[in-house]
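# Secondary and tertiary structure notes
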Amino acid sequence: MKTLRQAKPGETVRVMKLVGDSVVKRRIMDMGITKGVCVYIRKVAPLGDPLEVTVRGYELTLRKADAELIQVEEVVA
């Protein structure tokens, strides 16, 4: 399955699953990234870390390691 880290700028994806230990999953969920939410990829830094996304109407910056833990599917417009 594709991860948020693999999504390209300008793409909108839907979160399917969060993986990893409970502490990291809780932190990601506290930021508003939960199963079923749509995430728009705004920008990715030149070296791929961090990436900037829009989720639930606000901008959020995620580390590459955290983005690897978020499994997504592409939203068909």
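The paragraphs below set out a description of the structure included in this document. Once a new chain begins, its residue numbering starts again from 1 and follows that chain's sequence as written. Where local features are concerned, this predicted model is filtered to residues with pLDDT of at least 70; where side-chain atom pairs are given and counted, the filter is 80 or more; whole-chain, interface and lining totals use all residues. Hydrogens are left out, water is left out, and the side-chain values use all remaining heavy atoms of the structure.

Right, let's get into the overall build of the protein. When helices and strands are tallied, the protein shows two helices and six strands. Put simply, DSSP H or I for four residues or longer makes a helix, DSSP E for two residues or longer makes a strand, and each gets a number counted from the N terminus. Taken from the N to the C terminus, the helices and strands of the protein come in the order β-β-α-β-β-β-α-β. Relative to its length of 77 residues, the protein is compact, with a C-alpha radius of gyration of 11 Å against a globular reference of 11 Å. Once the C-alpha set of the protein is aligned to its principal axes, its extents read approximately 30 × 30 × 25 Å. Working definition of accessibility: Shrake-Rupley area with a 1.4 Å probe, residue cover restricted to the visible protein chains. Accessible surface for the protein amounts to roughly 4600 Å². Of this, 54% is attributable to carbon and sulfur atoms. Only four residue types enter the tally: Lys and Arg on the positive side, Asp and Glu on the negative side, with His and both chain ends excluded. Working definition for charges: the position is that of NZ of Lys, CZ of Arg, CG of Asp or CD of Glu. If the 14 positive side-chain charges of the protein are averaged to one point and the 10 negative ones to another, these points end up 2 Å apart. Between the two quantities, the radius of gyration covers C-alpha atoms and the globule rule is 2.2 Å times the number of residues to the power 0.38.

Right, let's talk about the nonpolar core for a bit. Buried Ala, Val, Leu, Ile, Met, Phe, Trp, Tyr and Cys residues form a nonpolar core when they are joined through side-chain atoms within 4.5 Å. Exposure is judged per residue with a 1.4 Å probe applied to protein chains only, and the accessible area is read against the type maximum: over 50% gives exposed, under 20% gives buried, and values in between give partly exposed. Ranked by size, the top nonpolar core spans 20 residues in total, and within it Leu4, Val15, Ile33, Val39, Leu62 and Ile70 carry the most contacts. When residues of this core are traced back to their parent elements, those giving at least two are strand 2 (12-18), helix 1 (22-30), strand 3 (38-44), strand 4 (51-55), strand 5 (58-62) and strand 6 (70-74). For Leu4, the contacting residues outside a window of four places in its chain are Val13, Val39, Ile41, Leu51, Leu62, Ala67, Ile70 and Val72. Two residues form a contact once any of their heavy atoms are found within 4.5 Å.

Keep in mind these numbers describe shape, not what the thing actually does.
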